[in-house]
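An overview of the molecular structure
Here is how the chains run, residue by residue.
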Amino acid sequence: MTPLIVDTDPGVDDAFALAVAALAPEVDLRAVTTVHGNVAVEQTTENARRLLGTFGRPDVPVGRGAGRPLVHLLGRRPGRLSGADVHGDDGLGGRSGDFGPPVDESELRAVALMASVIEASEEPVTIAAIGPFTNIATLLSARPDLEERIGRFVLMGGSIAYGGNVSAAAEFNVWGDPEAARRVLTGSSVSTTMVPLDLTMRITLTGDWLDGLAATGPVGAALASTREAYLAAYSARFGHAAMAVHDAVALLEAITPGTVSTTPLPVDVDTSTGPGRGTTIGDLRGAEAEATDGARPVEVALDADADAVRAELWRRLSG
Ligand code: RIB
Ligand code: CA
């Protein structure tokens, strides 16, 4: 079984992703670490603890992580959509209290917990990061000696040609900490798969699909119950009642490599303070191109069989 760490900012789609990870027989979920993002880290930490309690995983330690990005711009960052607009004030569509009982919080904070798991593992550890990448960048900076013991990063974030969801240009996780995203995407030698909006926005769940999932059992019912604000935001924004579960697609890839089809592309990040802040720049000239600032190629997930991904989510979440 592959040792797995999930770094997360739950988050409605994070909840679907954590359920997939917690219930997957193929992986050994060694730790969950939390980060600022959809809601404050205090809330993302409580949500992660409650979600693991709901999924019957009190064995998985939860390490609280960064409450703010590496570089905190004093002025307003470009972008209007806040996490709470989509995920609700509590991050779980107002239903966080229905989840639990919350598992204990680890005495180790996120970076120390990740380091402890990596040091103790006999096999390379996969890290799936589905919120802003602040903890990951900090781990790489604080413990460069551990890089060679990380098997791969699977990152939900960025966009190549799709544009932004939190601003005209930026995807939420990268926008949440552009400097961290640049450090992880360009400053590491760890094999990295990036799952961008170009793909995740094509794999959506309708209200009918969620109704069906709710009828399959307690996990499906709990997950479907978080949909209200999320589905309303997507309906208002895209005109059809369907929601993208970005993070769940990334976790399916982390658990079953090859779920998505990837293209090797150098990817850099705009860390300016202008309207493009948080833009991910994929060099479509291909990996052989002279990439911006020498960014190394990462595997960018640009395609998948959406029906097969939905069917796999159903299989894993319907108990
Ligand atoms: O842009 C989508 C990402 O931002 C997902 O991780 C979602 O949970 C939000 O955090
Ligand atoms: Ca997330």
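Keep in mind that this is a model prediction, so the values were computed, not measured.

1. Looking at the overall build of the protein chain
A count of helical and extended segments in the protein chain gives 13 helices and 11 strands. Taken over the C-alpha trace, the protein chain has a radius of gyration of 18 Å; the compact-globule value for 319 residues is 20 Å, and the two agree within 12%. Counting only C-alpha atoms, the protein chain reaches 50 × 45 × 40 Å along its principal axes. Within the protein chain, the proportion of its 319 residues that are buried is 59%. For the protein chain, long-range pairs separated by at least 24 residues make up 81% of all intrachain contacts whose partners lie at least 6 apart in sequence. Roughly 11900 Å² of accessible area belongs to the protein chain as shown, and the carbon and sulfur atoms make up 51% of that amount. Computing the positive centroid from 25 side-chain charges and the negative centroid from 42, the protein chain places the two 3 Å apart.

2. Here's the deal with the nonpolar core
Counting residues in each nonpolar core, the largest one holds 63 residues, and the members touching the most others are Leu4, Phe16, Leu29, Met243 and Leu251. In terms of residue count, the dominant contributor to this core is helix α1 (residues 12-23) (nine residues). In this view, Met243 contacts Val12, Phe16, Ile203, Thr204, Leu205, Leu210, Arg227, Tyr230, Leu231 and Tyr234; residues no more than four positions away in its chain are not counted. Counting 33 residues, the second largest nonpolar core, distinct from the first, contains Ala31, Ile118, Val125 and Val174.

3. Here's the deal with the packing of α1 against helix α13 (residues 306-317)
The contact between α1 and α13 brings their axes to 10 Å, and the two run at 60 degrees. With respect to α13, the element α1 is oriented oblique. In this structure, α1 meets α13 at a crossing whose hand is left-handed. Packed against α1, whose contacting residues are Phe16, Ala19, Val20 and Leu23, the element α13 presents Leu313, Arg316 and Leu317 at the interface.

4. Concerning the pairing of strand β5 (residues 150-156)
As a general feature of sheets, a regular strand has side chains that alternate between the two faces. For β5, the tally of buried residues reaches six of seven residues, placing the bulk of the element in the interior. Across five bridges, the pairing between strand β4 (residues 125-129) and β5 is parallel. By the bridge assignment, Ala128 is partnered in β5 with Val154. With helix α5 (residues 134-142) bridging β4 and its parallel neighbour β5, the resulting β-α-β unit is right-handed. Bridge analysis of β5 against strand β6 (residues 192-195) gives four bridges, and the strand direction is parallel. Residue pairing in the sheet places Met156 in a bridge with Val195 of β6.

5. Quick word on the coordination of the calcium ion (ligand 2)
In the first shell of the calcium ion (ligand 2), the protein supplies Asp9 (OD), Asp14 (OD), Asp14 (OD), Ile130 (O) and Asp247 (OD), at 2.2 to 2.6 Å from the metal. Residue Asp9 is classed as buried on the basis of its relative accessible area, which comes to 1%.

6. Concerning the site of ligand 1
Close contacts around ligand 1 come from 13 residues, with Asp13, Asp14, Asn165, Glu171 and Asp247 the closest. Separating an oxygen atom of ligand 1 from a side-chain N or O atom of Asp9 is a distance of 3.1 Å. Side-chain polar atom of Asp14 to an oxygen atom of ligand 1: 2.9 Å apart, as the coordinates give it. Calculation on ligand 1 without its partners gives an accessible area of 280 Å², and the protein chains cover 97% of this total. Residue composition of the shell around ligand 1, by class: three nonpolar, five polar and five charged.

7. Some details on the side chain of Asp90
For Asp90, the location among the structural elements is in the loop between α3 (83-87) and α4 (110-120). There is no salt bridge for the buried Asp90, and the closest opposite charge comes from Arg95, which lies 7.6 Å off by N-O distance. A distance of 3.3 Å separates the side chain of Asp90 from the backbone nitrogen of Gly93, its partner in a polar contact.

8. As for the environment of Ala306
For Ala306, the location among the structural elements is in helix α13. With relative accessibility at 18%, the residue Ala306 sits in the buried group. Among residues more than four places away in sequence, those in contact with Ala306 are Arg202 and Ile203.

9. Some remarks on α4
For an α-helix, 3.6 residues make a turn, and residues three or four places apart therefore share a direction. Among all positions in α4, only Ala110, Val111, Leu113, Met114, Ala115, Val117 and Ile118 are buried. Packed against the buried residues of α4 are β1 (2-8), β2 (27-34), β3 (62-63), β4, α5 and β5.

Basis of the calculations
- Residues numbered from 1 in each chain as written.
- Chains lettered and ligands numbered in written order.
- Predicted model: local features only at pLDDT ≥ 70, side-chain atom pairs only at ≥ 80, totals over all residues.
- Heavy atoms only, no water.
- Helix = DSSP H or I, 4+ residues; strand = E, 2+ residues; numbered from the N terminus.
- Rg over C-alpha atoms; globule rule 2.2 N^0.38 Å.
- Buried < 20%, exposed > 50% of the residue type's maximum accessible area, 1.4 Å probe, protein only.
- Contact = heavy atoms within 4.5 Å.
- Areas by Shrake-Rupley, 256 points an atom, 1.4 Å probe, with all protein chains shown as cover.
- Lys, Arg positive; Asp, Glu negative; His and termini not counted.
- Charge placed at Lys NZ, Arg CZ, Asp CG, Glu CD.
- Core = buried A, V, L, I, M, F, W, Y, C linked by side-chain atoms within 4.5 Å.
- Axes fitted to C-alpha atoms, helices over the stretch in contact; angles between N-to-C directions.
- Parallel < 35°, antiparallel > 145°, perpendicular 65-115°, else oblique.
- Left-handed = near helix turned anticlockwise from the far one by under 90°.
- Pairing = 2+ DSSP bridges.
- Right-handed = clockwise from strand over helix to strand, strands pointing away.
- Donors = N, O, S within 2.8 Å, 3.2 Å for Na, K, Ca; no water.
- Near = heavy atom within 4 Å.
- Polar contact = N/O pair within 3.5 Å; in protein donor to acceptor, adjacent residues only side chain to side chain.
- Nonpolar A, V, L, I, M, F, W, Y, C, P; charged D, E, K, R; others polar.
- Salt bridge = Lys/Arg side-chain N within 4 Å of Asp/Glu carboxyl O.

Take it as geometry only, folks, not as evidence of what the structure does.
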